[in-house]
Amino acid sequence: MRQKNKKTFLIMDERNKQIAYKVIAIMYFLTFFAIVGILLYRQFILGQEIDEFEDIAIILTINSLFLIAALLYFGAIPIRRLKVKSILLIYFVWVVAGSLFTYAKYNIFQGLGLSFKQLFDKLIIIVTITGLIMGFWILLSILGKKRIDKELE
Amino acid sequence: MENIKLKIARVEKGLSQQDLADLVSATRQTIGLIEKGKYNPSLNLCIRIAKTLDRTLNELFWYETKE
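Residues numbered from 1 in each chain as written. Chains lettered and ligands numbered in written order. Predicted model: local features only at pLDDT ≥ 70, side-chain atom pairs only at ≥ 80, totals over all residues. Heavy atoms only, no water.

**Considering helix H4 (residues 43-52) of chain B**
Rules: Only protein chains enter the area calculation, which uses a 1.4 Å probe; residues under 20% of their type maximum are buried, those over 50% are exposed, and those in between are partly exposed. Under the DSSP-based scheme used, a helix requires at least four consecutive residues in state H or I and a strand at least two consecutive residues in state E, with every element numbered from the N terminus. Our arc is simply the arc of the directions from the helix axis toward the C-beta atoms. Only heavy atoms matter for contacts: two residues are in contact if any of them lie within 4.5 Å across the pair.
What H4 of chain B keeps buried is the set Leu45, Cys46, Ile49 and Ala50 of chain B. Seen along its axis, H4 of chain B keeps its buried residues to an arc of 135°; they face one direction. For H4 of chain B, exposure combined with an orientation more than 90 degrees from the buried face picks out Leu43, Asn44 and Lys51 of chain B. Here the buried face of H4 of chain B lies against helix H1 (14-45) of chain A together with helix H1 (4-12), helix H2 (17-23), helix H3 (28-36) and helix H5 (57-61) of chain B.

Right under this line is the structure:
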């Protein structure tokens, strides 16, 4: 007994989809890092003002924020339990990295020689933005965990 | 590791790789790779193949390992 399903032009089975997802993910990251490279080049080598590539930077920032948020929400990054100690440690590392980047940008690459007060003002922005981003990710991971728990009920 | 059991079951059923692929909504290449042991199918696909060939999962996909 031979019965054939109706043939369609494009048949994608699970293996094809797996390969497609893998290729798309690799191409996405290559594009992402290429754009990051271009932004750094324009900012630090060509010395362009942020206004000149602000649009690309905003898209890239939103993209990476939501990428991590989606990974957390859909359970691609497994978090068993949110520990305050780990959160604070990640937050601290982020703030330190952001501060060093800001210092390097203004006092080394651009040679503006910002005062301690001016750097401190920028540090407040870094601390606030980092806090908001981490809060957003924590919220998404809690919602994702709840969603999975609901599916298991 | 080549999946001889699947190949035998398919041939006994009188199906080509393309026929089996059509019946389980897969491609011929996927069936070929499963038979060659170069692709690990999902459990859903394994079940569809087993049902189509009137076999159990054990009969098609289980191998005893020598200790």
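Having seen it, we continue.
**A few points about the environment of Leu88 of chain A**
Locating Leu88 of chain A in the fold gives a position in helix H3 (residues 84-109). Taking the C-alpha atoms as reference, Leu88 of chain A lies 9.9 Å from Met134 of chain A; in sequence the two are 46 residues apart.

**Observations regarding the pattern of salt bridges**
Residues and elements named next belong to chain A. Keep this limit in mind: Any carboxyl oxygen of Asp or Glu within 4 Å of a side-chain nitrogen of Lys or Arg constitutes a salt bridge here.
Under the counting rule described, the total for this entry stands at four salt bridges over all chains. The closest approach of N and O atoms between Glu151 and Arg147, which form a salt bridge, is 3.2 Å. Pair noted here: Glu151 and Arg147 are both in helix H4 (residues 116-152), with a separation of four residues, about one helical turn. Note on Glu151: relative accessible area 58%, which makes it exposed. Arg147 gets classed as partly exposed once you look at its relative accessible area, which sits at 23%.

**With respect to the side chain of Gln48 of chain A**
Residue and element names in this part refer to chain A. Formally: Each polar contact in these results corresponds to two N or O atoms within 3.5 Å; when the atoms are within protein, one needs to be able to donate a hydrogen and the other to accept it, and residues that are neighboring in sequence are counted only if both atoms are side-chain atoms.
Considering the arrangement of structural elements, one finds Gln48 in the loop between H1 and helix H2 (54-73). For Gln48, a relative accessible area of 19% corresponds to the buried category. Polar side-chain contacts of Gln48 include one of 2.8 Å to the side chain of Arg42. Filtering out sequence-adjacent residues up to four positions away, Gln48 remains in contact with Arg42, Gln43 and Phe53.

**Quick word on the packing of H2 of chain A against H4 of chain A**
All names here are of chain A. Here is the rule we go by: Fitted lines through C-alpha atoms give the axes, limited to the stretch in contact for helices. The angle between two N-to-C directions lies from 0 to 180 degrees. Roughly parallel covers angles under 35 degrees, roughly antiparallel covers those over 145, roughly perpendicular covers 65 to 115, and oblique covers all other angles. Crossings are sorted by hand: turned counterclockwise from the far helix by less than a right angle, the near helix makes the crossing left-handed, and turned clockwise it makes it right-handed. All amino acids are sorted into three groups, where Ala, Val, Leu, Ile, Met, Phe, Trp, Tyr, Cys and Pro are nonpolar, Asp, Glu, Lys and Arg are charged, and the leftover types, Gly among them, are polar.
Their axes nearest at 7 Å, the elements H2 and H4 cross at an angle of 30°. Viewed along their axes, H2 and H4 adopt a mutual orientation that is roughly parallel. Crossing hand, H2 versus H4: right-handed. Across the interface between the two elements, Leu65, Phe66, Ile68, Ala69, Leu72 and Tyr73 from H2 touch Ile133, Phe136, Trp137, Leu140, Ser141, Leu143, Gly144 and Arg147 from H4. Looking at side-chain class alone, the contact of H2 with H4 contains 11 nonpolar, two polar and one charged residues.

**Here's the deal with the confidence of the model for chain B**
Caution applies to low-pLDDT parts of the model: their predicted coordinates are not meant to be read in detail. Which entries qualify depends on this criterion: pLDDT expresses, on a scale from 0 to 100, how confident the predictor is about each individual residue.
Per-chain confidence: chain B averages 92 in pLDDT, with 97% of residues scoring 70 or above. Reported confidence for the predicted complex is 0.83 by ipTM and 0.72 by pTM.

**A short note on the interface of chain B and chain A**
To be explicit about the condition: Accessible area, probed at 1.4 Å, shrinks when two parts are joined; the buried area is that loss added up over both.
Contact residues are listed per partner, giving 15 residues for chain B and 11 residues for chain A. Taken together, the two surfaces of chain B and chain A that pack against each other cover about 1,200 Å², and 44% of this comes from carbon and sulfur. At the junction of chain B and chain A, the tally comes to zero salt bridges. Elements represented by at least two residues in the side of chain B that touches chain A include exactly H2 and H3 of chain B. The residue inventory of the side of chain B that touches chain A, partitioned by class, reads seven nonpolar, six polar and two charged.

**Points about a negative patch on the surface**
Cut-off, in case you're wondering: Each patch groups residues whose relative accessible area exceeds 30% and which form no salt bridge, using 9 Å between like charges and 5 Å between nonpolar side chains of Val, Leu, Ile, Met, Phe, Trp and Tyr. What sets the accessible areas is the Shrake-Rupley method with a 1.4 Å probe; for residues, cover comes only from the shown protein chains. Counting rule for charge: Lys and Arg are taken as positive, Asp and Glu as negative, and neither His nor the chain ends is counted. Think of each charge as sitting on NZ of Lys, CZ of Arg, CG of Asp or CD of Glu.
Residues Glu49, Asp51, Glu52, Glu54 and Asp55 of chain A make up a contiguous surface patch of negative charge. Examined against the element boundaries, Asp55 of chain A turns out to sit in helix H2.

**A word on the side chain of Thr130 of chain A**
All names here are of chain A. Locating Thr130 in the fold gives a position in helix H4. Residue classification places Thr130 among the buried positions, given a relative accessible area of 5%. Residue contacts for Thr130: discarding those within four places in its chain leaves Tyr91, Trp94 and Val95.

**Describing the packing of aromatic side chains**
Threshold: Ring pairs are drawn from Phe, Tyr and Trp, using the six-membered ring of Trp, whenever the two centres fall within 6.5 Å, and their geometry is named by plane angle: stacked under 30 degrees, edge-to-face over 60, tilted for the rest. Only Lys NZ and Arg CZ are tested; either one counts as a charge over a ring when it is within 6 Å of the ring centre and within 35 degrees of the ring normal.
Per the counting criterion, the structure on display carries eight aromatic pairs over all chains. Note on Phe44 of chain A and Phe101 of chain A: the rings are 5.9 Å apart at their centroids and 85° apart in plane angle, and the pair reads as edge-to-face. Taken as a pair, Phe44 of chain A in helix H1 and Phe101 of chain A in helix H3 lie far apart in primary sequence, 57 residues in all. Phe101 of chain A sits in the partly exposed class, given a relative accessible area of 42%. Members of the aromatic cluster, connected to one another through ring pairs, are Tyr28, Phe29, Phe32 and Phe33 of chain A. Lying across the ring of Tyr73 of chain A, Arg147 of chain A places its NZ or CZ 5.1 Å from the centre. Sitting over the face of the ring of Tyr63 of chain B, Lys5 of chain B holds its NZ or CZ atom 4.8 Å from the ring centroid.

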